[in-house]
Amino acid sequence: GAGVSQSPSNKVTEKGKDVELRCDPISGHTALYWYRQSLGQGLEFLIYFQGNSAPDKSGLPSDRFSAERTGGSVSTLTIQRTQQEDSAVYLCAATGYGETQYFGPGTRLLVL
Amino acid sequence: DAKTTQPTSMDCAEGRAANLPCNHSTISGNEYVYWYRQIHSQGPQYIIHGLKNNETNEMASLIITEDRKSSTLILPHATLRDTAVYYCIVRVGSNTGKLIFGQGTTLQVKP
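First, a word on scope: everything that follows refers to the structure included in this document. (Residues numbered from 1 in each chain as written. Chains lettered and ligands numbered in written order. Predicted model: local features only at pLDDT ≥ 70, side-chain atom pairs only at ≥ 80, totals over all residues. Heavy atoms only, no water.)

1. Description of the interface of chain A and chain B
Now for step 1: Between chain A and chain B, the residue contacts involve 18 residues of the former and 19 residues of the latter.
Now for step 2: In this assembly, chain A and chain B are joined by two salt bridges.
Now for step 3: Counting the contacts that link chain A with chain B gives six residue pairs in polar contact (both at pLDDT 80 or more).
Now for step 4: When contributions to the side of chain A that touches chain B are tallied by element, the ones reaching two or more residues are β4 (31-37), β5 (43-50) and β10 (101-103) of chain A.
Now for step 5: Residues of the side of chain A that touches chain B, tallied by class, amount to nine nonpolar, six polar and three charged. (Contact = heavy atoms within 4.5 Å. Salt bridge = Lys/Arg side-chain N within 4 Å of Asp/Glu carboxyl O. Polar contact = N/O pair within 3.5 Å; in protein donor to acceptor, adjacent residues only side chain to side chain. Helix = DSSP H or I, 4+ residues; strand = E, 2+ residues; numbered from the N terminus. Nonpolar A, V, L, I, M, F, W, Y, C, P; charged D, E, K, R; others polar.)

Quick look at the structure:
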């Protein structure tokens, strides 16, 4: 999707461990979004970055979730002390010169 | 909550046009209608968007009613690879521009 990559593709972790998910949009993408999709559910917004700042964090489900973006490019979503309900596909989207969001392939997180 | 309503599922014969309806009766004047689709296990794929006028690109056409309260996505010649969940989204008219996804329409293209 227009040059948005995510890593890892899949992540299996144990309950209580911390995980980091990475989003790498191609250079020039100004806005960056994180969404998640739980099994059988729709996509829900988590957080939005404009440059390196996050003016909208309203979708983060708890204080165990945090995200940062550096250099106006790569973003990392961190989940601390993972719980089984955190299992989901985490999707990153970025905009280019327009406002259309292009999604990456997602990271499938499974918390055992 | 999503500002759109769509049928849960639809079928379409391969090679025929697929017409996917969407209601967005509370849309504001500066809000765009976006369509995405999600094929199983993949990230959502952008299809098309519009404000007032009908739009066409290499993937689809978007027909928006004059009162902007509803729209239709048209896939002119559906193929089996068009089987997916199609989301109609009214892009939030705020600085964030976050997308609020509903449940979408599951389109099944049949041979």
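Now that the structure has been shown, the text picks up again.
2. Brief notes about the state of the cysteines
Now for step 1: Scanning the model with the defined rule gives two disulfides over all chains in all.
Now for step 2: The disulfide that involves C23 of chain A links it to C92 of chain A, with 1.8 Å between the sulfurs. Where C23 of chain A bonds to C92 of chain A through sulfur, the torsion about that S-S bond is close to -65°, and the disulfide is left-handed. A residue pair is termed long-range when its members are at least 10 positions apart, and C23 of chain A in strand β3 (residues 19-24) and C92 of chain A in strand β9 (residues 88-95) qualify at 69 residues.
Now for step 3: Here C22 of chain B engages in a disulfide with C88 of chain B; their sulfurs sit 2.1 Å apart. Where C22 of chain B bonds to C88 of chain B through sulfur, the torsion about that S-S bond is close to -80°, and the disulfide is left-handed. With a gap of 66 residues between them, C22 of chain B in strand β2 (residues 18-23) and C88 of chain B in strand β8 (residues 84-90) connect regions that are remote in the sequence.
Now for step 4: For the unlinked cysteine C12 of chain B, the closest cysteine sulfur is that of C22 of chain B, found at 18 Å.
Now for step 5: Overall, C12 of chain B belongs to the buried group, its relative accessible area being 8%. (Disulfide = S-S within 2.5 Å. Buried < 20%, exposed > 50% of the residue type's maximum accessible area, 1.4 Å probe, protein only.)

3. Things to note about the pairing of strand β11 (residues 107-111) of chain A
Residue and element names in this part refer to chain A.
Now for step 1: The alternating pattern of β11 places T107, L109 and V111 on a buried face and R108 and L110 on a face that is not buried.
Now for step 2: Relative to β11, β9 runs antiparallel, the two sharing three bridges. Opposite Y90, over in β11, you have T107 as the bridge partner. (Pairing = 2+ DSSP bridges.)

4. Observations concerning the sheet that holds β3 of chain A
Residues and elements named next belong to chain A.
Now for step 1: With respect to topology, four strands assemble into an open sheet ordered β1-β3-β8-β7, the strand pairing being antiparallel. Each edge of the sheet is formed by a strand with only one pairing partner; in this case those strands are β1 (5-7) and β7 (65-69). Between one strand axis and the next, the sheet turns by 15° as a mean value, whatever way the strands run.
Now for step 2: Sheet topology places β7 next to strand β8 (residues 75-79); five bridges connect them, and they run antiparallel. Paired with R69 across the strands is S75, a residue of β8. (Axes fitted to C-alpha atoms, helices over the stretch in contact; angles between N-to-C directions.)

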